[in-house]
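Residue strings, one per chain:
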Amino acid sequence: MSTETKFTGTDTYVASDDLMASVEVAMKLQKPLLIKGEPGTGKTMLADAVAKSLDKELLIWNIKSTTKAQDGLYTYDTIQRLYDSQFGEEGVDDIAHYIKLGKLGEAFKKEEQVVLLIDEIDKADLEFPNDLLWELDKMEFYINETKETIKAKIRPIVIITSNAEKELPDAFLRRCIFHYITFPDKNMMKQIVNAHFENLESHLLDQALKTFYWIRDIRDMRKKPSTSEFIDWIRALMIGGIDPDTIQQTLPYLGVLVKKDEDLDVVRQMNL
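Residues numbered from 1 in each chain as written. Predicted model: local features only at pLDDT ≥ 70, side-chain atom pairs only at ≥ 80, totals over all residues. Heavy atoms only, no water.

Asker: What is the right way to read the packing of aromatic side chains from this model?
Answerer: The relation between two aromatic rings is expressed through the spacing of the ring centres and the mutual angle of the planes. Counting across every chain of the model gives 8 aromatic pairs. Here Tyr-74 and Phe-141 contribute two aromatic rings whose centre-to-centre distance is 6.2 Å and whose plane-to-plane angle is 10°, an arrangement assigned as stacked. A residue pair is termed long-range when its members are at least 10 positions apart, and Tyr-74 in strand S3 (residues 74-76) and Phe-141 in strand S6 (residues 140-143) qualify at 67 residues. A single burial state applies to Tyr-74 and to Phe-141, both of which are buried. (Phe/Tyr/Trp six-rings, centres within 6.5 Å; stacked < 30°, edge-to-face > 60°. Helix = DSSP H or I, 4+ residues; strand = E, 2+ residues; numbered from the N terminus. Buried < 20%, exposed > 50% of the residue type's maximum accessible area, 1.4 Å probe, protein only.)

Here's what the structure looks like:
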């Protein structure tokens, strides 16, 4: 693989060396990259960053509790065909006209390599990952209605995210490269924030970081604030013209960081 296809992050997505290495290994081994990590650590944004960094199209398959593996391959619209037949529409005998490819099918049909994000795979039922084993291994599937095999012209870069709501099957895990995005330390967080803001006052950032990590370290917090919430908070502090020296004492715009009533009470009690 040429060096031109190496992922190095983007102007707005700061990736650790370990994460960049995992992306590279997954691409070279032609295996899906399974990403886990705390909410707000950039799991979903990674796919967009990879696509932009490598100048490739991004396809997103958002998984819900009702999603079936078949949805990502294709659907056959029998109802529309029946409706068309009743009204004498032309082409009703062409079954292919009523076959619609899902996101995985679309990725297989592309003439150029794309990045396919399968987002929050653990939202689906337990059988969902196993139902995709063949397709992710062989990069092909069969359409029964048209007797056609759809085979990837070029293997997509597959990135799968999970919030660890359910344990994924071992057979599925064996076929993936796994990476856990650890929560950024202060130095990494500085890089992330500076990637989103130009000319951010360093004293404001230092005081915000100090307060942010103090909140995250409170033992009884049910939902610790995330990276994305911290970036929103920085933006609120800038808009509000908050004096950096008062941030830890007054905790301005605390609702941007803390989203549960119980946590708000805990933070305020600790700050007395």
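We are not done yet, so read on.
Asker: Any chance you could explain the environment of Pro-252 here in plain terms?
Answerer: Along the chain, Pro-252 turns up in the loop between helix H12 (247-250) and helix H13 (254-257). With a relative accessible area of 11%, Pro-252 lands in the buried category. Between the alpha carbons of Pro-252 and Ile-242 there is a distance of 7.9 Å; along the sequence they are 10 residues apart. Here Pro-252 is in contact with Trp-233, Leu-237, Ile-242 and Ile-247, once residues within four sequence places are set aside. (Contact = heavy atoms within 4.5 Å.)

Asker: How do you make sense of the packing of helix H9 (residues 186-196) against helix H11 (residues 227-240) when you look at a structure like this?
Answerer: Each pair of packed helices can be summarised by the angle the axes make with each other and by the distance between the axes. It is at 11 Å that the axes of H9 and H11 come closest, and there the two elements cross at 55°. Overall, the two elements H9 and H11 adopt an arrangement that is oblique. Handedness of the crossing formed by H9 with H11: right-handed. Each of Met-189, Ile-192, Val-193 and His-196 in H9 lies in contact with H11, whose residues at this interface are Thr-227, Phe-230, Ile-231 and Ile-234. Of the residues belonging to the contact of H9 with H11, the class tally is 6 nonpolar, 2 polar and no charged. (Axes fitted to C-alpha atoms, helices over the stretch in contact; angles between N-to-C directions. Parallel < 35°, antiparallel > 145°, perpendicular 65-115°, else oblique. Left-handed = near helix turned anticlockwise from the far one by under 90°. Nonpolar A, V, L, I, M, F, W, Y, C, P; charged D, E, K, R; others polar.)

Asker: Where do I start with H11 in this structure?
Answerer: For an α-helix, the turn length of 3.6 residues means that residues three or four places apart are oriented alike. Over its 14 residues, H11 extends 20 Å from the first C-alpha to the last, a length consistent with the 20 Å expected when each residue adds 1.5 Å. Considering only its buried residues, H11 is in contact with H9, helix H10 (202-216), H12 and H13. In the segment just after H11, Gly-241 is the residue with positive phi, at about 60°. (Expected span 1.5 Å × (residues − 1).)

Asker: I tried to follow the side chain of Asp-119 on my own but got confused; where do I start?
Answerer: Position of Asp-119 among the secondary structure elements: in strand S5 (residues 115-119). Buried and without a salt bridge, Asp-119 has Lys-123 as its closest oppositely charged side chain, separated by 7.4 Å. Within the local environment of Asp-119, its side chain forms a polar contact with the side chain of Thr-44, the two groups lying 2.9 Å apart. Asp-119 has contacts with Thr-44, Trp-61, Asn-62, Ile-63 and Thr-161, leaving out every residue within four places of it along the chain. (Lys, Arg positive; Asp, Glu negative; His and termini not counted. Salt bridge = Lys/Arg side-chain N within 4 Å of Asp/Glu carboxyl O. Polar contact = N/O pair within 3.5 Å; in protein donor to acceptor, adjacent residues only side chain to side chain.)

Asker: Just checking my understanding: could you explain the packing of H10 against H11 for this structure?
Answerer: For the pair H10 and H11, interaxial distance at closest approach is 11 Å and the crossing angle is 135°. The orientation of H10 relative to H11 falls into the category oblique. Along this stretch, H10 crosses H11, giving a crossing that reads as right-handed. On H11, the residues touching Leu-204, Leu-205, Ala-208, Leu-209, Thr-211 and Phe-212 of H10 are Phe-230, Trp-233, Ile-234, Leu-237 and Met-238. When its residues are assigned to classes, the contact of H10 with H11 shows 10 nonpolar, 1 polar and no charged.

Asker: Help me out: how do you make sense of the pattern of salt bridges in this one?
Answerer: Side chains bearing opposite charge may pair, as long as their charged atoms lie close to each other. One pass over the structure, following the stated rule, counts 14 salt bridges. A salt bridge links Glu-229 to Lys-259; the nearest nitrogen and oxygen atoms lie 3.2 Å apart. Of this pair, Glu-229 sits in helix H11 while Lys-259 sits in the loop between H13 and helix H14 (261-270); the two residues are 30 residues apart in sequence, bridging distant segments of the chain. Overall, the relative accessible area of 46% leaves Lys-259 in the partly exposed class. In this structure, Asp-232 engages Arg-235 in a salt bridge whose closest nitrogen and oxygen atoms are separated by 3.6 Å. One end of the pair is Asp-232 and the other is Arg-235, both in helix H11 and 3 residues apart, which spans about a single turn. According to the relative accessible area criterion, Asp-232 is partly exposed, its value standing at 41%. Given the relative accessible area of 34%, Arg-235 is considered partly exposed.

Asker: Would you take a moment to explain the side chain of Ser-226 for this structure?
Answerer: By the secondary structure assignment, Ser-226 is in the loop between H10 and H11. Among the polar contacts made by the side chain of Ser-226, one reaches the side chain of Ser-228 at a distance of 3.1 Å. Residues contacting Ser-226, with those up to four places away along its chain left out, are Pro-39, Gly-40, Phe-183 and Phe-212.

Asker: Help me out: how do you make sense of the environment of Lys-103 in this one?
Answerer: By the secondary structure assignment, Lys-103 is in helix H5 (residues 103-109). Along the sequence, Lys-103 and Tyr-74 sit 29 residues apart, while their C-alpha atoms lie 8.3 Å from each other. Once residues lying within four places of it in the same chain are set aside, the contact partners of Lys-103 are Leu-59, Ile-60, Trp-61, Gly-72 and Leu-116.

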